[in-house]
Amino acid sequence: MTDVISGDRMAGPKVTDGLRASRREFVALSLRGIAAGGLALGLAPGTARAAVIAPATLRQSFLAIDAEGTVTVFAKHLDMGQGIWSGLAQIVAEELDADWDKVRVEGAPARMPDYSHTFFSGQTTGGSTSIANSYDQLRRAGATARAMLVAAAARQWGVAASGIETRDGKLTHPSGKRAGYGEFAGLAAQEPVPDKVALKDPAAFRIIGKGARRLDTAAKHRGQIQYGIDTRLAGMLHAVVARAPAFGAKILRHDATGALAIQGVRYVLPLPSGIAVVADNTWAAMRGRDALVVEWHAATGERRSSTALAAHLGDALDKPQFTVLERGDAAAALKGSAKVVDAEFAFPYLAHAPMEPLALAGRFDGKSAELWGGFQIVTINQAAVAEVLGLPAAQVAMTTLNAGGSFGRRASFDSDWVAEMAYLLKAMGPGAAVQITRTREDDITGGYYRPMTRHRYRVGLDNAGRIAAVDMTIAGQSIFYGTPTGQGDIPQADMLAVMGHIAERYDIPAARVRWANPDIAVPVTTFRSIGNTHTTYAKEVVVDRLARMTGIDALDYRLAMLGNAPRQAAVLRKAAAMAGWGKPLPTGHAIGLAVQESESSFCAQAALVEMRKGDIRVHKVHCAIDCGIALDPGNVRAQVEGGIGFGLTTALYSAITLTDGVVDQSNFADYPLLRIDGMPAIDVAIINGGDRPTGVGEPGSTPIGAAVAIAVERLTGKPVTAWPLAAAR
Amino acid sequence: MIRVLLNGKSVALAADGDMPLLWALRDVAGMTGTKFGCGAGLCGACTVHVGGAAVRSCGLALGDIGEAEVRTIEGVAAAPDAIEAAVLKAWDAHDVAQCGYCQPGQVMAAVALLQDNETIDDATIDAGMAGNACRCATYVRIRAALHDAAAALGKTGTGTA
């Protein structure tokens, strides 16, 4: 008897770390630790829910302990590869004195105020702040649960709580009494929640900073992690959406006949974002879309080509609407300068291209909806879905799964890719269960890019060749406008467009920094390190160029302007020393040095670059990172290694261009990624320059783009004025 | 109905012969370990073994498989042979994955590389793994893990990382 597996009778959803209890059971939870639904963890939505409530559990906002002593940490942030699910779990487990081998983690439901970011409003992930904003909160959560376990054991054993020790998930007492946490989880839930708990002295940490095993990597290596694209619901159909080839273009008409004739295609449904083809499986949906005939209005939407957009940005530089920084009198200081130097730089649109193309699953019963995916700004997404479906937010359950990369794409403030699902669920009506998958072509051409940007600098030098004044303008689209996170359509200075600029990072006595908001209809959003993706590049190239022009050592030139930035100076000195700065190099080799403070961390990189017949080869990158304290040094190194590779792709290859409003690139052949044979050797030094953990997901990703450009300038003697630096492979 | 020898079992899949193996695995067989990354054979996320060789399953039609055995990451995870076990062990020891989405394909490609080569050095790794893209750029650890796996299998070459 062989298995017959039919595509139209899907098995129930997999039970994975990504699935969690029903909404009903979560509503019953509170910080008072009411024991509820221990069996809820591991239940598959869509299957019959067990009515049995297991009493032997402790369940709080950030953790649950079951009768076997398994500790589940609820992560309020998205893990998109930055390792924070393991990191957040480490913080809880440390103060809880948990057995690390019995700790697992899953995404928290969308629920305010319990899961609010403590720096920003809303339940959201970004700015490399997940660990930083959770640190105190999760330490308290772990310590609170530990205190309640100890109190329960003290009560049961008739001993003083102060005599009970906890270690590796066990409670012990000198009298010989001992128990695993599972035995007391239920009783602990009945203890009063203490208002104040003592936190450990970091010197006593056994998990944090000790190289604890990552919780997720083994499953990821074996294909056992469920991403949005892997979600399977009972009766789930698959959809792809035909979207406009030019941003903002409108559909005139469509003919579904060909699509509906494809075997497996069930529906063709117009949505605000395009035409959805819904089928039994993804392949049928894609073939159905290929057979769809859609006519787009020729005149609507952004129809300019990149050259016209570049010219528009150039015009915008001439008339910036906002002054974002004024220090001293830059105009006067420039007039009095010994020498004035001009520089301009151009940066293309960048597509995030996460390896998991955006995909999510959802179902709708008319009164409530549930969505599964790698959600990055989950409560904003939830509100958008609720609005489309006409439901209260509490009736929209969002299950946040691991994301196969994001780099900022999933945080589009208008919830484009999530709202689209809401529109499809609405169009399909009650009973809908569907997954939307984007192809790589959809992803590359789909917009929401890092903005195309131009910089213009006028720098005044004093008699010693040092920077006396900077007058600079940046032209690039706002990420906030027209979104729920921004001020609606009212123009405001968008700090995301200028963050990390030269006058913000170096001691420059007089400066004027202005921002021009261009009028371009290409959708844009956050991209790993946001404004630093261009300000780091431009300012480091300018500074290095000035050093070379004035004959001053490039390290010294920078250090002289970092007197008030000791942590920047420290990583810069370290990276330079690691690279053997000042030692002679073989012909055709140069070291490019770059530093940036971003996301409250400090990162410097020295790239050893060789050029042979115009080809750029990055042999080695020495990197120094100061992220306060490194809770997980192995993951800090991984994030920096990955950030360098990611940034190198950007610097060498990445550009999205448009011809008459249509994106020229479509897949990895014309939007290439760095491959293993292009990856430099990397050497990372971690400097613990603070007493709290700060960001590491983004800071390592931008200095490399400047460092390589600087090396290229040094080797060619020609200025770099635009990125990317190399022709597509 | 197309019959395929899948991880050692003969399985009948209710799909047409022109459906790529990738989608037959993911949507018909319910095996989502093999990932969709580009659909064009450019990223390697969909790598499986067919007849003992690494293949991009997005480009292989179900009808073209015939009698050849298909081995996926699920088969490797469930019952790894010596090479597969060495790869997984090295991958785990180095905590290679970040987002992890490309890693099943990386593992399948790495296994094939070790199966097909008597010695592994940096040049072999470059050539054998360049087809597997990693947007998180975990390449430093992929390289280190491959060297370790090769050493464990007695396939060490020159030019270790």
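One can find the structure itself at the top, above this paragraph.
Draft legend 1. Quick look at the overall build of chain A. Summing up its helical and strand segments, chain A has 18 helices and 28 strands in all. Against the globule reference of 27 Å for 729 residues, chain A gives a C-alpha radius of gyration of 27 Å, in line with a compact fold. In terms of principal-axis extent, the alpha carbons of chain A reach across some 80 × 75 × 50 Å. The 729 residues of chain A split such that 62% are buried. In chain A, the proportion of contacts linking residues at least 24 apart, taken out of those at least 6 apart, comes to 75%. Accessible surface, chain A as shown: approximately 26100 Å² in total, 53% of it carbon and sulfur. Charge-centre separation for chain A: the mean point of 75 positive side chains lies 2 Å from the mean point of 70 negative side chains.

Draft legend 2. Quick look at the overall build of chain B. Broken down by element type, chain B carries 6 helices and 5 strands. Walking chain B from its N terminus toward its C terminus, one meets helices and strands in the order β-β-α-β-β-β-α-α-α-α-α. Relative to its length of 161 residues, chain B is compact, with a C-alpha radius of gyration of 15 Å against a globular reference of 15 Å. Its C-alpha atoms give chain B principal-axis dimensions of roughly 50 × 30 × 25 Å.

Draft legend 3. How the structure looks around the packing of helix α4 (residues 103-116) of chain B against helix α6 (residues 139-152) of chain B. Residue and element names in this part refer to chain B. Contact pair α4 / α6: the axes reach a minimum separation of 11 Å and the direction vectors enclose 35°. Judged by the twist between their axes, the crossing of α4 over α6 is right-handed. Note on element contacts: α6 touches α4 through Ile142, Leu146, Ala149 and Ala150, opposite Gln103, Gln106, Ala110, Leu113 and Leu114. Its residues placed into classes, the contact of α4 with α6 shows 7 nonpolar, 2 polar and no charged.

Draft legend 4. Region of interest: the pattern of salt bridges. Residues and elements named next belong to chain A. One pass over the structure, following the stated rule, counts 48 salt bridges over all chains. The salt bridge partner of Arg410 is Glu356, with a shortest N-O separation of 2.9 Å. Residue Arg410 is found in the loop between β18 (396-400) and α11 (416-428), and its partner Glu356 is found in the loop between β15 (339-347) and β16 (359-364); the two are separated by 54 residues along the sequence. Glu356 gets classed as buried once you look at its relative accessible area, which sits at 0%. What emerges from the salt-bridge pattern is a single network uniting Lys539, Glu540, Asp544, Arg545, Arg548, Arg558, Glu713 and Arg714.

Draft legend 5. Region of interest: the interface of chain B and chain A. With 58 residues of chain B at the contact, the number on the chain A side is 69 residues. The contact between chain B and chain A buries some 5000 Å² in all, and 56% of this surface belongs to carbon and sulfur atoms. Looking only at chain B, the three residues that lose the most surface to chain A are Asp27, Gln98 and Arg135 of chain B, adding up to 17% of its buried area. Where chain B touches chain A, the interface holds 5 salt bridges.

Draft legend 6. Local environment of helix α1 (residues 21-28) of chain B. Burial analysis of α1 of chain B places 8 of its 8 residues in the buried class, the great majority of the element. Those residues of α1 of chain B that sit buried are Leu21, Leu22, Trp23, Ala24, Leu25, Arg26, Asp27 and Val28 of chain B.

Draft legend 7. Focus on the sheet that holds β15 of chain A. Residue and element names in this part refer to chain A. One open sheet holds the 5 strands; their spatial order is β14-β22-β21-β20-β15, and the pairing between them is mixed. Each edge of the open sheet carries a strand with a single partner, namely β14 (322-327) and β15. Between one strand axis and the next, the sheet turns by 10° as a mean value, whatever way the strands run. Looking at chain direction, β14 and strand β22 (residues 510-516) are connected through 5 bridges and run antiparallel.

Draft legend 8. Structural context of the packing of aromatic side chains. All names here are of chain A. Taken as a whole, this structure holds 16 aromatic pairs over all chains when the rule is applied. Pairing Phe345 with Tyr457 gives two aromatic rings, centres 5.8 Å apart and planes at 75°, and the pair type is edge-to-face. Of this pair, Phe345 sits in strand β15 while Tyr457 sits in strand β20 (residues 453-461), placing them 112 residues apart in sequence. On the basis of relative accessible area, Phe345 is assigned to the buried category, the value being 1%.

Draft legend 9. Quick look at the sheet that holds strand β3 (residues 63-65) of chain A. Residue and element names in this part refer to chain A. Pairing is mixed across the open sheet formed by 4 strands, whose spatial order is β2-β3-β4-β5. Looking at which strands have only one partner, the edges of the open sheet turn out to be β2 (58-59) and β5 (103-107). Sheet topology places β2 next to β3; 2 bridges connect them, and they run antiparallel. Of the residues in β3, the one forming a bridge with Leu58 is Ile65. The sheet strands contacting helix α2 (residues 84-96) are β3, β4 (71-75) and β5, and the helix crosses β5 at an angle near 130°. Docked against the sheet, helix α3 (residues 130-157) engages β2 and β3, running at close to 30° with respect to β3.

Draft legend 10. Here's a closer look at the environment of Ala234 of chain A. Residue and element names in this part refer to chain A. Summarising the element assignment, Ala234 is placed in the loop between α5 (217-221) and β9 (237-242). The class of Ala234 is partly exposed, set by a relative accessible area of 42%. For the pair Ala234 and Ser305, spaced 71 residues apart in sequence, the C-alpha to C-alpha distance is 45 Å.

Draft legend 11. Structural context of the packing of helix α14 (residues 532-550) of chain A against helix α18 (residues 703-716) of chain A. Residues and elements named next belong to chain A. In contact at an axis separation of 8 Å, α14 and α18 are set at 35° when each is read in the N-to-C sense. The crossing of α14 and α18 is right-handed. Residues Thr536, Tyr537, Glu540, Val541, Asp544, Arg545 and Arg548 of α14 lie in contact with α18, whose contacting residues are Pro703, Gly705, Ala706, Ala709, Ile710, Glu713 and Arg714. A per-class count over the contact of α14 with α18 returns 6 nonpolar, 2 polar and 6 charged.

Draft legend 12. Summary view of the side chain of Ser86 of chain A. Residues and elements named next belong to chain A. Position of Ser86 relative to the elements: it lies in helix α2. The exposure class assigned to Ser86 is buried, which follows from its relative accessible area of 1%. Beyond its immediate stretch of four places on either side in the chain, Ser86 contacts Asp79, Trp100, Arg214, Leu215 and Asp216.

Draft legend 13. Layout of the pairing of strand β17 (residues 369-373) of chain A. Residue and element names in this part refer to chain A. Here β17 lies mainly inside the structure; 5 of its 5 residues are buried. Across the two faces of β17 the burial is the same, with Ala369, Leu371 and Gly373 and Glu370 and Trp372 all buried. As paired elements, β16 and β17 share 4 bridges and run antiparallel to each other. The residue of β17 that forms the bridge with Arg363 is Glu370. Adjacent in sequence and paired antiparallel, β16 and β17 are bridged by 4 residues, among which Gly366 carries a positive phi angle near 100°. Of the strand pairs in this sheet, β17 and β18 are connected by 5 bridges, and their pairing is parallel. The residue bridging Ala369 from the neighbouring strand is Val396, located in β18. Tracing the backbone out of β17, into helix α10 (residues 378-389) and back to the parallel element β18 gives a crossover that is right-handed.

About the criteria used
Residues numbered from 1 in each chain as written. Chains lettered and ligands numbered in written order. Predicted model: local features only at pLDDT ≥ 70, side-chain atom pairs only at ≥ 80, totals over all residues. Heavy atoms only, no water. Helix = DSSP H or I, 4+ residues; strand = E, 2+ residues; numbered from the N terminus. Rg over C-alpha atoms; globule rule 2.2 N^0.38 Å. Buried < 20%, exposed > 50% of the residue type's maximum accessible area, 1.4 Å probe, protein only. Contact = heavy atoms within 4.5 Å. Areas by Shrake-Rupley, 256 points an atom, 1.4 Å probe, with all protein chains shown as cover. Lys, Arg positive; Asp, Glu negative; His and termini not counted. Charge placed at Lys NZ, Arg CZ, Asp CG, Glu CD. Axes fitted to C-alpha atoms, helices over the stretch in contact; angles between N-to-C directions. Left-handed = near helix turned anticlockwise from the far one by under 90°. Nonpolar A, V, L, I, M, F, W, Y, C, P; charged D, E, K, R; others polar. Salt bridge = Lys/Arg side-chain N within 4 Å of Asp/Glu carboxyl O. Buried area = accessible area lost by both parts, 1.4 Å probe. Pairing = 2+ DSSP bridges. Phe/Tyr/Trp six-rings, centres within 6.5 Å; stacked < 30°, edge-to-face > 60°. Right-handed = clockwise from strand over helix to strand, strands pointing away.

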